[in-house]
Amino acid sequence: MRKLRNRQWLLKSRPEGQVATHNFGYHETEIDPHQIDDGNFLIENKAFLCAPTMRNWMDPPSKNLYPSISIGTPILAPAVGKVVESNNKQFPIGSRVSTLSSWQDYEQIDPTGRPVNFVAEGLSSVESIGKFGLNSLTGYFGLTKVGLPKAGETVVISAAAGATGSLAAQVAKILGCRTIGIAGGREKCTWLSEEIGLDGVLDYKIDKLNDGFDHLCPNGIDVYFDNVGGAMLRTAVNHMAKFGRIILCGQISTYDSDQAASGPEDMMRLIYGSIRMEGFLTRNYTAEFPEAIKQLREWEKEGMLTLKEDIRDGFDNLPKSYLDLFTGQNRGTLVVNIRPD
Ligand SMILES: NC(=O)c1ccc[n+]([C@@H]2O[C@H](COP(=O)([O-])OP(=O)(O)OC[C@H]3O[C@@H](n4cnc5c(N)ncnc54)[C@H](OP(=O)(O)O)[C@@H]3O)[C@@H](O)[C@H]2O)c1
C-alpha cells in the first residue's frame, strides 16, 4: 500500500475562555501504512463524536484526571473507524471499532492504552457513535446506575433536549418517574413536552428556576441529572428531597470559561438531606455496553425512544460544528461524518 494522505485538525492555540475556530489549525501529512508497531493497528476514521468535554482537554495540563492536548497535535475525539492495517490478531483488517482517536483521517491505535469497542452488528458507523453511542449510553448508565430512580419519583434533567439529557429523560419516563426537563428556548421545550411527553419543562433562558422547581417539584427533586453545573446545579441542590441523588454527569456551563467548576453553596444541605452526589464516567460500564445497546435498540424499535442525531458532513466542518455545542445549536448527538461506510 502506498503512503496515505492524512488530513488533520490541530490544536493551534489554547482557548482563553470561549473556544473559537482560530484555536484550530488545518494540516496535512502522509502516513506509511506499513509502519505499524507490534500489537497496534491503523484505523481509517469514518465519523467523530463532538463531545463537550473535549473543551476541557484543550486546557493546559492540570491535576485533573482528563488529558490535555499538546499544542500542534490533532484534537482528541471519540471516533468510529475501520481497521485498514493490523499487527494485532484481535483487530483484523476490516474490523469496525469505536475508540478515542483524533481529528485526522488515520490513526495508529495501541489498544492497551485506551478502550476499543467493536461496532455492534447491523449498525452503521454513524449510528454506532450517534444514536447508540457514548451519549446515549451516558444517559442510560448515569440514570440507572448512579441515580437509581424508582417509579413515582421526581427526576429533573438539565440540558434535557440534548443527546445525553434526552435519553436520560426518556428512560426516566420508561421507568415510571415524574420527569422534568430543563432546556434553552421554546423549540426545545415544546419538543420535550409534546413529543417526548415530559411531565414538565423549564426554559432556563426565561423561567426563574427557583420558582419553577417550587411549582413543578413541590415535594422536592428525588434525582437530579446534572449536565450543566454552575448556578443551575446550585439552584437544584436547594430543592433536593431527602435521600435525593445528584448524578454528576457534566458541567457544560463551565467548560468554556477559565473558572473551575464549583459546587453547592452549602454542603450542610447535603448532610441534613442525606443527599448523595456522585460523579461517574460512562467508560466505567464498558463491559455492559453490548447489553445496554441491545436494550436501547429494542426500545427504539418499539417506539419507546426517540434518538436524535445531528449529522454534519465533511472533515472541513469539524471545528465549526464543534462550537455549536456551546451555543445550543445542535439538535441531538452531534456527529461529523467524514466518509461513507
Ligand atoms: N460523564 C460522562 O461520562 C459523560 C459522557 C458524555 C457526556 N457527558 C456530559 O453530558 C453533558 C451533555 O453532553 P452531550 O454531548 O449530550 O451534549 P448535548 O446535551 O447534546 O449538547 C450540549 C447542550 O448543552 C446545553 N448548554 C450549552 N451550554 C450551556 C450553558 N452554559 N448552560 C446551560 N446549558 C448549556 C445546550 O442546550 P440548550 O439549548 O438547552 O442550552 C447544548 O445543546 C455534557 O456536560 C457532557 O460533558 C458526560
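Described in the following lines is the structure provided in the data block. The numbering scheme is per chain: residues are counted from 1 as the chain's sequence reads. In view of the model being predicted, local features appear only for residues whose pLDDT reaches at least 70, and side-chain atom pairs are presented and counted only at 80 or more, with totals across whole chains, interfaces and linings using the full set of residues. Think of the side-chain values as coming from all heavy atoms in the structure, minus any hydrogens and water.

## A look at the site of the ligand
Note the following rule: Here a residue counts as near a molecule or strand whenever at least one of its heavy atoms sits within 4 Å of it. By the criterion applied in these results, polar contacts are pairs of N or O atoms within 3.5 Å in which, for protein atoms, one can donate a hydrogen and the other can accept it, and in which residues neighboring in sequence qualify only through two side-chain atoms. Methods summary: accessible areas were calculated by the Shrake-Rupley approach with a probe of 1.4 Å, and residue burial reflects only the protein chains presented. A run of H or I in DSSP counts as a helix once it spans at least four residues, and a run of E counts as a strand once it spans at least two, with each numbered from the N terminus. Basically, the charged four are Asp, Glu, Lys and Arg, the nonpolar ten are Ala, Val, Leu, Ile, Met, Phe, Trp, Tyr, Cys and Pro, and anything else, Gly included, counts as polar. Residue ranges assigned to the domains are those given by an automatic or database domain assignment.
Taken together, 27 residues sit near the ligand, with Thr164, Lys188, Tyr204, Tyr255 and Asn330 positioned nearest. One of the side-chain N or O atoms of Lys188 is found 2.6 Å from an oxygen atom in the ligand. Contacts to the ligand include Tyr204, whose side-chain N or O atom sits 2.5 Å from an oxygen atom. In isolation the ligand has 920 Å² of accessible area, and contact with the protein removes 90% of it. When residues of the shell around the ligand are traced back to their parent elements, those giving at least two are helix 3 (134-147), helix 4 (163-174) and helix 8 (252-255). For the shell around the ligand, the leading source of residues is helix 8, giving three residues. Of the residues assigned to the shell around the ligand, the class counts are 13 nonpolar, 13 polar and one charged. A domain-level breakdown of the shell around the ligand finds at least three residues from each of domain 1 (4-131 + 308-337) and domain 2 (134-283).

## Thoughts on the packing of helix 3 against helix 10 (residues 289-301)
The condition is simple: Fitted lines through C-alpha atoms give the axes, limited to the stretch in contact for helices. The angle between two N-to-C directions lies from 0 to 180 degrees. Here roughly perpendicular refers to angles of 65 to 115 degrees, roughly parallel to angles under 35, roughly antiparallel to angles over 145, and oblique to all remaining angles. The contact criterion used throughout is that any non-hydrogen atoms of two residues lie within 4.5 Å.
Orientation of helix 3 relative to helix 10, taken along the N-to-C sense of each, is 100°, at an axis distance of 11 Å. As the angle between them shows, helix 3 and helix 10 are arranged roughly perpendicular. Contacts between helix 3 and helix 10 involve Ser136, Leu137, Tyr140 and Phe141 on the former and, on the latter, Phe289, Ala292, Ile293, Gln295, Leu296 and Trp299. Here the contact of helix 3 with helix 10 is built from residues that sort into eight nonpolar, two polar and no charged.

## Some points on the packing of aromatic side chains
Centre distance and the angle of the planes are the two values used to describe a pair of aromatic rings. So the rule is basically this: For Phe, Tyr and Trp, where Trp contributes only its six-membered ring, two rings pair if their centres lie within 6.5 Å, and the inter-plane angle classes them as stacked under 30 degrees, edge-to-face over 60, or tilted in between. Note on classification: 1.4 Å probe, protein chains only; a residue is buried when its accessible area is under 20% of the maximum for its type, exposed when over 50%, partly exposed between these limits. Throughout this description, the term charge over a ring refers to an Arg CZ or Lys NZ atom that lies within 6 Å of the ring centre and within 35 degrees of the ring normal.
According to the stated counting rule, one finds 11 aromatic pairs in the structure shown. Geometrically, the ring pair formed by Phe91 and Phe118 is stacked, given 5.2 Å between the ring centres and 20° between the ring planes. Residue Phe91 is found in the loop between strand 4 (76-86) and strand 5 (96-102), and its partner Phe118 is found in strand 7 (residues 116-118); the two are separated by 27 residues along the sequence. Given the relative accessible area of 48%, Phe118 is considered partly exposed. A cation over an aromatic ring shows up here: Lys308 above the ring of Trp191, its NZ or CZ 4.0 Å from the ring centre. If you follow Arg339 out to its NZ or CZ, it ends over the ring of Tyr106, 5.9 Å from the centre.

## Quick notes on a nonpolar patch on the surface
Selection criterion: Like-charged residues are merged into a patch within 9 Å and nonpolar side chains (Val, Leu, Ile, Met, Phe, Trp, Tyr) within 5 Å, provided each residue has over 30% relative accessible area and no salt bridge. Whenever Lys or Arg places a side-chain nitrogen within 4 Å of a carboxyl oxygen from Asp or Glu, that contact is recorded as a salt bridge.
On the surface, Met268, Ile271 and Tyr272 cluster together to form a nonpolar patch covering roughly 370 Å² of accessible area. Structurally, the position occupied by Ile271 is in helix 9 (residues 267-272).

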